[in-house]
Structure formats: structure tokens, C-alpha cells
Amino acid sequence: MPVDREFARRLTAANSAIKLSGDGHDATRDGAEHAVEVQLPWLRIVLGEFELVPVVMGDHGYEASRALGVALAELVKDDPKPTLVLASSDLSHYHSYADAKQMDLKTLEAIREWDYLSLSRNLRAGVWEACGGAAIVAAMIYAERMGADRSRFCATPTPAT
């Protein structure tokens, strides 16, 4: 898949906290981030030909998410090319079904309520889990900067029992 290197360069120039790196994308003893490879087949079918800038967040704090979200909004708002910002998560891992369901519903509720600050705080504290949670927060900040003030789910999660 072709990478939009110019957009990536402009993104890193927008904030010193954003770095170009293969970290997270390159295979290691512990594996590599797989969110991009999971999304590529779907994106290819839906979008056809496109360029992408895959982002892996090493810092999961609110300030890093904010830096990325704000930088993306600043770059995209003046770019004539259509842009899709996609944050991928498979939510919690390694818990019993009941615990994961309860934790995931709290995460989804924070997204539904457009409360990215609470989402970030609870993810950082380890109260909730979302693999890719910092990217979700960054995408919400980006969306807010682009004029959004709410989220919408295509399917409604069932409440925890």
C-alpha cells in the first residue's frame, strides 16, 4: 500500500512530539502492531486505491493524543484531498468474558458520551482497556476540531449482565 510520505512529513513537522519511526510497525520478538494489516483489506474494498499514513502511538497519555489530534486537524482542514482518519481497537484483552464485557461497555459509553478526557484518564490508569485507546482519543480530538460534537455507533452494544 502506498504511504503518503509528504503528509507524514508534514505531520511530524506539526508537533515535535510526533516522530517518524518504524517502531511498532517492524516485527520484534514480541510481534508487531497489527491494526493496520487488519484494516487494509476492508479499506482496499471500500476505498479502492489510496495512500495511507499508518500511525502507532507509543505514548498513551492524553497530551500525546491531543498533540496528534490537533496536528491532524490542522493539516486536514486545509488539504484539498479527502482524508479518512481511522482509529482501530479491539478493546480489552485477557479477561473473563463478563469482566471484558463490563470494561468494554464503559469504554464504549465514554466514546458515546463524547468524553475523551475520561476515556484517556481511565485507559491510562488501567481501569479500562482498549488496544489503540490513545488513537481513539486522538481521533475524537481530531473530529472535534473538524466540527463533530458527538459519536454514533452503527450497532448498539448489549448491556453487561
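Above this text you will find the structure in question.
All values derive from a computational prediction rather than experimental measurement.

Asks: Before we move on, could you go through the pattern of salt bridges and cite the residues and values that matter?
Replies: Taken as a whole and assessed by the stated rule, the structure comprises nine salt bridges. Counted as one network, the salt bridges with shared partners bring together Asp4, Glu51 and Lys81.

Asks: I'd like to hear about the packing of helix 5 (residues 116-125) against helix 6 (residues 133-145), residue by residue, with values.
Replies: Put simply, helix 5 and helix 6 touch, their axes get as near as 10 Å, and they point 165° apart. Considered as vectors, helix 5 and helix 6 are oriented roughly antiparallel to each other. The two elements helix 5 and helix 6 meet at a crossing, and its hand is left-handed. Judged by residue contacts, Tyr116, Leu119, Ser120 and Leu123 of helix 5 engage Gly133, Ile136, Val137, Met140, Ile141 and Glu144 from helix 6. Looking at the contact of helix 5 with helix 6 residue by residue, the classes come out as seven nonpolar, two polar and one charged.

Asks: Before we move on, can you summarise the packing of aromatic side chains with the specific residues and values?
Replies: We describe a pair of aromatic rings using the distance from one ring centre to the other and the angle between the two ring planes. On inspection of all chains with the given rule, the structure shows one aromatic pair. With centroids separated by 6.4 Å and ring planes inclined at 10°, the aromatic side chains of Tyr62 and Tyr116 adopt a geometry described as stacked. With Tyr62 in helix 3 (residues 62-77) and Tyr116 in helix 5, the pair connects residues that are 54 residues apart, well separated along the chain. Relative accessible area serves as the criterion here: at 21%, Tyr62 is assigned to the partly exposed category.

Asks: Can you tell me about the nonpolar core, naming the residues and giving the values?
Replies: Among the nonpolar cores identified, the biggest contains 16 residues, and Tyr116, Leu119, Trp128, Ile136 and Met140 are the most heavily contacted of them. Elements represented by at least two residues in this core include exactly helix 4 (97-112), helix 5 and helix 6. Sequence-distant contacts of Ile136, that is, excluding residues within four places in its chain, are made with Ala87, Ser89, Ile111, Leu119 and Ala130. In this structure, Ile18, Ala64, Leu75 and Ala134 belong to the second largest nonpolar core, which totals 14 residues.

Asks: Tell me about helix 2 (residues 35-47), and name the residues and values.
Replies: Across its 13 residues, helix 2 extends 17 Å between first and last C-alpha, which sits within 8% of the 18 Å expected from 1.5 Å per residue. Largest kink in helix 2: about 30°, centred on Pro41. Of the positions making up helix 2, those classed as buried are Ala35, Gln39 and Leu43. Phi turns positive, to about 75°, at Gly48, one or two residues after helix 2.

Quick notes on the rules
Residues numbered from 1 in each chain as written. Predicted model: local features only at pLDDT ≥ 70, side-chain atom pairs only at ≥ 80, totals over all residues. Heavy atoms only, no water. Salt bridge = Lys/Arg side-chain N within 4 Å of Asp/Glu carboxyl O. Axes fitted to C-alpha atoms, helices over the stretch in contact; angles between N-to-C directions. Helix = DSSP H or I, 4+ residues; strand = E, 2+ residues; numbered from the N terminus. Parallel < 35°, antiparallel > 145°, perpendicular 65-115°, else oblique. Left-handed = near helix turned anticlockwise from the far one by under 90°. Contact = heavy atoms within 4.5 Å. Nonpolar A, V, L, I, M, F, W, Y, C, P; charged D, E, K, R; others polar. Phe/Tyr/Trp six-rings, centres within 6.5 Å; stacked < 30°, edge-to-face > 60°. Buried < 20%, exposed > 50% of the residue type's maximum accessible area, 1.4 Å probe, protein only. Core = buried A, V, L, I, M, F, W, Y, C linked by side-chain atoms within 4.5 Å. Expected span 1.5 Å × (residues − 1). Bend = angle between axes of the 7 residues up to and from the residue.

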